[in-house]
Amino acid sequence: DFGMLPAEDYRRPAGADLFLEPEVRQAIAYCLDRQALLDRLQSGAGEIANTYIPNTHPLYAGSQLSVYPFNPQRGRDLLEAVGWVEADDGVRARGGVRLAMTLTTGPESSPFRQQLVQSIQEQLREHCGIEVAPAWQTQENLYAPWPNGALFGRRFDLGAFPWRAGNQPPCELYLTRAIPDALNPAGTNNPGYRSASFDRACDLARSSFDPVEQRQAHALAQTIFSQELP
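On a predicted model such as this, the values are computed, not experimentally measured, just so you know.

Trainee: If you had to explain the overall build of the chain to someone new, which residues and values would you point to?
Mentor: In terms of helices and strands, the chain carries seven helices and six strands. Written out in order from the N terminus, the α and β elements of the chain read α-α-α-β-β-β-β-α-β-α-β-α-α. Against the 2.2 N^0.38 benchmark of 17 Å for 230 residues, the chain shows a C-alpha radius of gyration of 18 Å, consistent with a compact globule. With the C-alpha coordinates aligned to their principal axes, the bounding extent of the chain is approximately 60 × 40 × 35 Å. Burial analysis of the chain (230 residues in total) assigns 49% to the buried set. At a minimum sequence separation of 6, the contacts of the chain that also span at least 24 residues come to 66%. Only carbon and sulfur atoms are counted for the fraction: they give 52% of the accessible area of the chain, which is about 11300 Å².

Below, the structure is given as structure tokens:
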């Protein structure tokens, strides 16, 4: 997850609005060789996720989705287009600010998490000049609700954590009204993603009793989600 809307008192050296730029989010996707991550960490099992349900799900949007295959040159071009240029030390910068961020995950005792963090650090630095430092959390703090939790307190840059999807496409996780804050401490939209078109599609998909309309609305919600890539 990208921390698109951090808590007001969360300080991000690269700027609070860093992940509001879709080019940055898309660049990170292009700069990561996710198949290599699967091969290294899961012996090739699993799939590269294009949305919040697997491609075997009957409501998967398929060819309607935007996908981000490993293409570091495309990632570098996107970053340069929004002013993040490579500096002498190999880390990109804009206006004297380094393109540095933290990766929130845990627990630190997990060999899987250790390898995941190391791989992401190495790939983003080598492929696209992005510096990543781990922000290790206990399981308790990783999932703690607003305002103190690392993820749901919206106090993170990048977040990596497991989540069970369930039988229905869980678009409700990313509704605008699901952003965790003082009035909604149990909110699930930890990136702080806000999209009126996504909200409408998700609400229709969840409320319609017409199977055709429901399928179309779920496909539209996934399509918007894959384009905007929160």
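Past the structure itself, the notes keep going.
Trainee: I'd like to hear about the side chain of Q123, residue by residue, with values.
Mentor: Position of Q123 among the secondary structure elements: in helix α4 (residues 111–128). When near neighbours in sequence (up to four residues on either side) are disregarded, Q123 contacts C31, L32, D33, A36, L37 and C128.

Trainee: An account of the sheet that holds strand β6 (residues 158–159) is requested, with residue identities and associated values reported.
Mentor: Spatially, three strands are ordered β5-β4-β6 in an open sheet, and the strand pairing comes out parallel. Each end of this open sheet is capped by a strand with a single partner; those strands are β5 (131–136) and β6. Of the pairings in the sheet, the one linking strand β4 (residues 100–105) to β5 comprises six bridges and is parallel in character. When the sheet's bridge partners are listed, A100 is paired in β5 with E131. Packed on one face of the sheet, α4 meets β4 and β5 and runs near 160° to β5.

Trainee: Residues and numbers for helix α6 (residues 196–207), please.
Mentor: With 12 residues, α6 should cover 16 Å at 1.5 Å per step; its first-to-last C-alpha distance of 16 Å lies within 8% of that length. Turning to α6, its buried residues are F198, D199, A201, C202 and A205.

Trainee: Account for the state of the cysteines, naming residues and giving values.
Mentor: One pass over the structure, following the stated rule, counts two disulfides. The partner cysteine of C31 in its disulfide is C128, sulfur to sulfur 1.9 Å. The sign of the S-S torsion, about -90°, decides the handedness of the disulfide formed by C31 and C128: left-handed. Taken as a pair, C31 in helix α1 (residues 22–31) and C128 in helix α4 lie far apart in primary sequence, 97 residues in all. With a relative accessible area of 0%, C31 lands in the buried category.

Trainee: Explain the layout of surface pockets to me, and be specific about the residues and the numbers.
Mentor: The space that makes up the largest pocket amounts to roughly 1600 Å³. In terms of lining residues, the largest pocket is bounded by 44 residues, among which D1, R34, A49, G159 and F161 are the most central. Sorting the residues of the lining of the largest pocket by element identifies α1, α2 (34–42), α4, β6 and α7 (211–228) as the ones contributing at least two each. Its residues placed into classes, the lining of the largest pocket shows 31 nonpolar, nine polar and four charged.

Trainee: Any details on the packing of aromatic side chains? Residues and values, ideally.
Mentor: The tally for this structure, following the rule as stated, stands at 12 aromatic pairs. Measuring from centroid to centroid gives 5.0 Å for Y52 and F225, while their planes differ by 80°, and the two rings are edge-to-face. Taken together, the residues span a long stretch of sequence, with Y52 in the loop between α2 and α3 (72–81) and F225 in helix α7 at a distance of 173 residues. Counting every residue linked through ring pairs, the aromatic cluster contains Y52, Y174, Y193, F198 and F225.

Basis of the calculations
Residues numbered from 1 in each chain as written. Predicted model: local features only at pLDDT ≥ 70, side-chain atom pairs only at ≥ 80, totals over all residues. Heavy atoms only, no water. Helix = DSSP H or I, 4+ residues; strand = E, 2+ residues; numbered from the N terminus. Rg over C-alpha atoms; globule rule 2.2 N^0.38 Å. Buried < 20%, exposed > 50% of the residue type's maximum accessible area, 1.4 Å probe, protein only. Contact = heavy atoms within 4.5 Å. Areas by Shrake-Rupley, 256 points an atom, 1.4 Å probe, with all protein chains shown as cover. Pairing = 2+ DSSP bridges. Axes fitted to C-alpha atoms, helices over the stretch in contact; angles between N-to-C directions. Expected span 1.5 Å × (residues − 1). Disulfide = S-S within 2.5 Å. 1 Å grid on protein atoms, 1.4 Å probe; cavity = no way out; pocket = protein on both sides within 12 Å on 5 of 7 lines; lining within 4 Å. Points joined across faces, edges and corners; volume = space filled by probe spheres on them. Nonpolar A, V, L, I, M, F, W, Y, C, P; charged D, E, K, R; others polar. Phe/Tyr/Trp six-rings, centres within 6.5 Å; stacked < 30°, edge-to-face > 60°.

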